[in-house]
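What follows is each chain in one-letter form.
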Amino acid sequence: LVVRMRKFMALQKLPYKVVYIPDPLCWTEAPSNYSILGRQRNRWARGTIETLLIHRDVFLNPKYGLMGMFSYPFWFFYEWMAPFVEFSGLVVFTLLASLGRVDWTFFATLLLAVYCFALFISAFALLTEELSFYKYTQKRDVFKMILVALVEPIIYHPRTVYWSLKGNFDLWRGKKSWGEMTRTGFVQYKKKVASL
């Protein structure tokens with residue numbers, strides 16, 4: 001919807017601005033387990049690809065300004081192509097390792113550098129969130145998020161790559177359904193808050 005609106009405004013040569021509003025206007029329920037989360041990420045991957053294909057005329061088209069020259073290429077390479085690059089890298093690495101062609105010292109150094117970079121990004125995001133909005137008033141909540149950041153590259157990220165690849169495959173097979181999105185509701189959360 002936003003891409004269509006931005007295209008319309010650019011084609012009509014009308015001034016516009018897309019802005020971020022930090023205050024939540026509504027809440028949505030996050031998936032409660034990995035199965036439902038996987039279906040959601042699969043659906044998001046298919047939606048991203050469909051949007052990119054429908055609006056492929058925007059790609060590197062200066063007529064669409066930043067959207068054409070920066071946003072669309074970012075979505076294309078980072079959102080669509082990145083899982084393929086990561087998976088291909090794992091296949092090539094496995095092949096090279098099986099042939100004894102891996103410098104394990106260099107591999108360990110590079111792996112540590114990538115892991116530390118991922119931690120830095122998460123820590124920086126958490127810091128800016130706290131400095132800007134201070135939504136987490138309990139120190140234990142911030143501590144939990146730091147712990148999650150430590151395991152995210154190892155546990156969560158590989159799953160998102162898998163779900164994205166599966167979304168690509170499902171789109172190629174012609175899958176259109178969203179899949180069952182079971183909701184548990186906010187009732188349990190409200191009861192928990194009320195008991196505190």
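Our structure's up above, just so we're on the same page.
Worth saying up front: this structure is predicted, and the values here are computed from it rather than measured. (Residues numbered from 1 in each chain as written. Predicted model: local features only at pLDDT ≥ 70, side-chain atom pairs only at ≥ 80, totals over all residues. Heavy atoms only, no water.)

**Regarding the packing of helix 2 (residues 34–54) against helix 5 (residues 139–172)**
Angle between the axes and distance between the axes are the two parameters that describe a pair of packed helices. Close contact between helix 2 and helix 5 brings their axes to 8 Å; oriented N to C, the two are set at 55°. As far as their axial angle goes, helix 5 and helix 2 are oblique. You can see that helix 2 and helix 5 cross each other, and the crossing is right-handed. Contact with helix 2, carried on its side by Tyr 34, Leu 37, Gly 38, Arg 41, Asn 42, Ala 45, Arg 46, Ile 49 and Glu 50, involves Ile 155, Tyr 156, Arg 159, Trp 163, Ser 164, Lys 166, Gly 167, Asn 168, Asp 170 and Leu 171 of helix 5 and no other residues of that element. Residue classes in the contact of helix 2 with helix 5 are distributed as 8 nonpolar, 5 polar and 6 charged. (Axes fitted to C-alpha atoms, helices over the stretch in contact; angles between N-to-C directions. Helix = DSSP H or I, 4+ residues; strand = E, 2+ residues; numbered from the N terminus. Parallel < 35°, antiparallel > 145°, perpendicular 65-115°, else oblique. Left-handed = near helix turned anticlockwise from the far one by under 90°. Contact = heavy atoms within 4.5 Å. Nonpolar A, V, L, I, M, F, W, Y, C, P; charged D, E, K, R; others polar.)

**Some words on the nonpolar core**
Counting residues in each nonpolar core, the largest one holds 10 residues, listed as Val 3, Ala 10, Ile 49, Leu 52, Val 58, Tyr 64, Met 67, Tyr 72, Trp 80 and Leu 171. Of all the secondary-structure elements, those providing two or more residues to this core are helix 1 (2–11), helix 2 and helix 3 (65–98). Per element, the largest residue contribution to this core is 3 residues, and it comes from helix 3. Excluding residues within four positions of it along the chain, Met 67 makes contact with Val 3, Arg 6, Lys 7, Val 58, Tyr 72 and Pro 73. (Core = buried A, V, L, I, M, F, W, Y, C linked by side-chain atoms within 4.5 Å. Buried < 20%, exposed > 50% of the residue type's maximum accessible area, 1.4 Å probe, protein only.)

**Side note on the pattern of salt bridges**
Counting across every chain of the model gives 5 salt bridges. The salt bridge involving Lys 7 is made with Asp 57; its shortest N-O contact spans 3.0 Å. In this pair, Lys 7 sits in helix 1 while Asp 57 sits in the loop between helix 2 and helix 3, placing the two residues 50 residues apart along the sequence. Of the charged contacts, one joins Lys 166 and Asp 170 as a salt bridge, the two residues approaching to 3.2 Å between their closest N and O atoms. (Salt bridge = Lys/Arg side-chain N within 4 Å of Asp/Glu carboxyl O.)

By themselves, these observations are geometric and do not establish any function.
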